[in-house]
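# Examining the three-dimensional arrangement
Take a look at the letters that make up each chain.
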Amino acid sequence: MPFCGNFKNCSVSHLPYSVREGDTLYKIALSYNTSVSAILAANTNLNAYNLNPGQVICVPLPEQSYPKCRTTNYYIVREGDTFFSIARYFGVDLDELLAANVGIEPENIFEGLLLCIPIAPSPVCMKIKSDGTSIEIINDNTGEAFVFPSRLESDAVLMPQSLILTKKRLESGAKDGAKELLFSPFDLGIRGEEKMRDESAEFIQTDDGSMLEIFNLVPVGTRAEVVV
């Protein structure tokens, strides 16, 4: 039983996307370099002319090749990692991980190396306190939890709601550079002390060490619940 709601589980190479106000299938397809017909094929009985904000659809994504990582589903290699352990954690086939990182030799990966992870159902989910004071990441299979202290950058209080992580951003310097997570349908983000250019999103901030952990633990497609 999932801990964080009941989002649609999409197949490997499909991103669960939460529809936003003003979205059309053409706009979504353009954003993810796919086609309207491919989205319709991946979503049985989807009415292209009646999309509702908050509705979750599966978006088929193109093949990835390093370093483009079109899905922005990045992972920063840590000490002790292997291609096998990374593939197992994210629930992807080892050959898929190799194909997403052309030119990287599995036996020669090193700490701080940036990898691209193929999209698959997320192994974790998140709980975010509505006052922004903590971020909890829960393994959906084992129940193991990691809690990180945080704060809202404004005086706002978040409305309880269900979200999906749709984008991971980082600046050069994979290990030490600025990192952000961005959610849909609400413009909410999580970032460390290092900041990128200003965004319209409401940001939750944590320390840079925690942000590195969070960045690696949660892939694109992760379910998140804002809770009181």
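Residues numbered from 1 in each chain as written. Predicted model: local features only at pLDDT ≥ 70, side-chain atom pairs only at ≥ 80, totals over all residues. Heavy atoms only, no water.

This part is about the pairing of strand β11 (residues 188-191). Burial along β11 is two-sided: Leu188 and Ile190 facing one way and Gly189 and Arg191 facing the other are all buried. Bridging between strand β10 (residues 179-184) and β11 involves 4 bridges; their strand directions are antiparallel. In the sheet register, Leu181 faces β11, and the bridge partner there is Ile190. Connecting β10 to the next strand, β11, in antiparallel fashion are 3 residues. Here β11 pairs with strand β12 (residues 202-205) via 4 bridges, running parallel. Within the sheet, the bridge partner assigned to Leu188 lies in β12 and is Glu202. (Buried < 20%, exposed > 50% of the residue type's maximum accessible area, 1.4 Å probe, protein only. Helix = DSSP H or I, 4+ residues; strand = E, 2+ residues; numbered from the N terminus. Pairing = 2+ DSSP bridges.)

The next point concerns the environment of Thr206. Assignment of secondary structure puts Thr206 in the loop between β12 and α5 (208-217). When the C-alpha atoms of Thr206 and Phe148 are compared, they prove to be 7.6 Å apart, with 58 residues separating the residues in sequence. For Thr206, the contacting residues outside a window of four places in its chain are Pro149, Ser150, Arg191, Gly192, Glu193, Met211 and Ile214. (Contact = heavy atoms within 4.5 Å.)

Two aromatic rings are characterised by how far apart their centres lie and by the angle between their planes. Scanning all chains against the criterion turns up 3 aromatic pairs. Ring geometry for Tyr17 against Tyr32: centres 5.9 Å apart, planes inclined by 70°, an arrangement best described as edge-to-face. Of the two residues, Tyr17 sits in strand β1 (residues 14-18) while Tyr32 sits in the loop between α1 (25-31) and α2 (36-42), which places them 15 residues apart along the sequence. Each member of the pair, Tyr17 together with Tyr32, is buried. Here a set of aromatic residues connected by ring pairs shows up, and it is made of Tyr75, Tyr89 and Phe90. The ring of Phe215 has Lys168 lying over it, and the distance from NZ or CZ to the ring centre is 4.5 Å. Above the face of the Phe203 ring, Arg191 is positioned so that its terminal group lies 3.8 Å from the ring centre. (Phe/Tyr/Trp six-rings, centres within 6.5 Å; stacked < 30°, edge-to-face > 60°. Lys NZ or Arg CZ within 6 Å of the ring centre and 35° of its normal.)

Moving on, we come to α5. Burial analysis of α5 places 7 of its 10 residues in the buried class, which makes it a mostly covered element. All of the buried residues along α5 are Ser210, Met211, Leu212, Ile214, Phe215, Asn216 and Leu217. With a side-chain oxygen positioned 3.1 Å from the backbone nitrogen of Gly209, the residue opening α5 is Asp207. (Polar contact = N/O pair within 3.5 Å; in protein donor to acceptor, adjacent residues only side chain to side chain.)

The subject of this paragraph is the environment of Thr82. Tracing the backbone shows Thr82 in the loop between β3 (74-76) and α3 (83-90). On the basis of relative accessible area, Thr82 is assigned to the partly exposed category, the value being 37%. Spatially, the C-alpha atom of Thr82 lies 9.1 Å from that of Phe110, the residues being 28 residues apart in sequence.

This part is about the nonpolar core. Core analysis: the biggest nonpolar cluster contains 29 residues, and Leu181, Phe183, Ile190 and Val218 have the highest contact counts within it. Here this core gets 5 residues from one element, more than from any other, and that element is α5. Excluding anything up to four places from it in sequence, Phe183 contacts Met126, Ile128, Leu163, Ile164, Leu165, Thr166, Leu188, Gly189, Ile190 and Ala224. In this structure, Leu15, Val19, Leu25 and Ile39 belong to the second largest nonpolar core, which totals 15 residues. (Core = buried A, V, L, I, M, F, W, Y, C linked by side-chain atoms within 4.5 Å.)

Interpretation in functional terms is not warranted from these geometric data alone.
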